[in-house]
Amino acid sequence: MPEPEVHSEGFRQMRAALRGALVEDYLELIADLIEDGNEARQVDIAARMGVAQPTVAKMLSRLAADGLVTRKPYRGVFLTEAGWAVAAESRARHQTVEAFLRSLGVSPETARIDAEGIEHHVSSETLAAFRRALAETG
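Note that the structure is a prediction, hence the values are computed from the model and not measured. The residue count restarts for each chain, going from 1 along the sequence in the order it is written. Residue-level local features of this predicted model are given only where pLDDT is at least 70; pairs of side-chain atoms are given and counted only at 80 or more, and the full residue set underlies all totals for whole chains, interfaces and linings. The side-chain numbers reported here are obtained from all heavy atoms of the structure, hydrogens and water having been left aside.

A. Quick look at the overall build of the protein chain. In this description a helix means any DSSP run of H or I spanning at least four residues, a strand means any run of E spanning at least two, and both kinds are numbered starting from the N terminus. A tally of regular secondary structure across the protein chain gives six helices and two strands. Reading the helices (α) and strands (β) of the protein chain from amino to carboxyl end gives α-α-α-β-β-α-α-α. When its C-alpha atoms are laid out on the principal axes, the protein chain stretches across 50 × 40 × 25 Å. Contacts between residues were defined by any pair of non-hydrogen atoms, one from each residue, lying within 4.5 Å. Residue pairs at least 24 apart in sequence account for 54% of intrachain contacts in the protein chain once pairs closer than 6 positions are excluded. Each accessible area is a Shrake-Rupley result for a 1.4 Å probe, and residues are judged covered by the shown protein chains and nothing else. Accessible surface computed for the protein chain: about 8,600 Å², of which carbon and sulfur atoms make up 56%. Only four residue types enter the charge count, namely Lys and Arg as positive and Asp and Glu as negative; His and the chain termini do not. For the purpose of locating charges, the reference atoms are NZ of Lys, CZ of Arg, CG of Asp and CD of Glu. Here the protein chain holds 16 positive side-chain charges and 21 negative ones, and the gap between their average locations is 6 Å.

If you want it as structure tokens, here you go:
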């Protein structure tokens, strides 16, 4: 078994990824809704995330406090420049993981679902390896 300091690093990284995963999921969804030509409304976010509107309201308050979104009364949610940057990075990780899984023969639907979890936990080193493997096969 590894030394405690080494062993605990994996758990620290996992906890950090879990904290950031939900934020990234919300930002990516908001970006998708906006880019699809729709307003990112709280009710639509709740429906797509499969959670209650009060849960979305709480997260939107957190995202606003972190400077990632802005909200306008009787309007939707808008990403700040920082919010767009986080959403774009998350989307790129998701697309890489999904493409890698599909290159292994995973069905499109399963690859999409699995990538949703993996994208938040994959290291930069592993993500780079996925990209290299995709480039070699592409």
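B. The arrangement of the environment of I113 in detail. Position of I113 among the secondary structure elements: in helix 5 (residues 108-118). In this structure, the C-alpha to C-alpha distance between I113 and H94, residues 19 residues apart in sequence, is 10.0 Å.

C. Fine view of the packing of helix 4 (residues 81-103) against helix 5. Lines fitted to C-alpha atoms define the axes here, with helix axes fitted over just the stretch in contact, and angles between the N-to-C directions of these axes take values from 0 to 180 degrees. The contact between helix 4 and helix 5 brings their axes to 8 Å, and the two run at 135°. Considered as vectors, helix 4 and helix 5 are oriented oblique to each other. Handedness of the crossing formed by helix 4 with helix 5: right-handed. On helix 5, the residues touching H94, V97, E98, L101 and R102 of helix 4 are P108, A111, R112, D114, A115, E116 and I118. Angular relationships are summarised with four words: roughly parallel below 35 degrees, roughly antiparallel beyond 145, roughly perpendicular across 65 to 115, and oblique for the angles in between. Crossings are classed by handedness, with left-handed meaning an anticlockwise turn of the near helix from the far one by less than a right angle and right-handed meaning a clockwise turn.

D. Geometry of the side chain of H94. Take H94: it is sitting in helix 4. Type-normalised accessible area, obtained with a 1.4 Å probe on protein chains alone, sets the label of each residue: buried when under 20%, exposed when over 50%, and partly exposed for intermediate values. Residue classification places H94 among the buried residues on the basis of a relative accessible area of 8%. Beyond its immediate chain neighbours, meaning those up to four positions away, H94 contacts E28, R112, A115, E116 and E119.

E. Looking closely at the packing of aromatic side chains. The rule is short: rings of Phe, Tyr and Trp, with Trp giving its six-membered ring, pair when the centres are within 6.5 Å, and they are stacked under 30 degrees, edge-to-face over 60, tilted in between. Taken as a whole, this structure holds one aromatic pair when the rule is applied. Ring centres of F100 and F130 lie 4.0 Å apart, and the angle between their planes is 10°; on these two criteria the pair is classed as stacked. Taken together, the positions of F100 in helix 4 and F130 in helix 6 (residues 124-137) put the pair 30 residues apart, joining distant regions of the chain. With respect to burial, F100 and F130 carry one shared label: buried.

F. Representation of the pattern of salt bridges in the model. Whenever a carboxyl oxygen of Asp or Glu lies within 4 Å of a side-chain nitrogen of Lys or Arg, that contact is scored as a salt bridge. Tallied over the full model, the rule gives seven salt bridges. Between E89 and R93 there is a salt bridge, and its shortest N-O distance comes to 3.3 Å. In this pair, E89 and R93 are both assigned in helix 4, four residues apart and thus about one turn of the helix distant. For R112, the salt bridge identified is with E109, shortest N-O distance 2.7 Å. Here R112 and its partner E109 are both found in helix 5, three residues apart, which amounts to about one turn of the helix. Under the relative-accessibility criterion, E109 is labelled partly exposed at 44%. Several salt bridges share partner residues, and in doing so they unite E24, E89 and R93 into one network.

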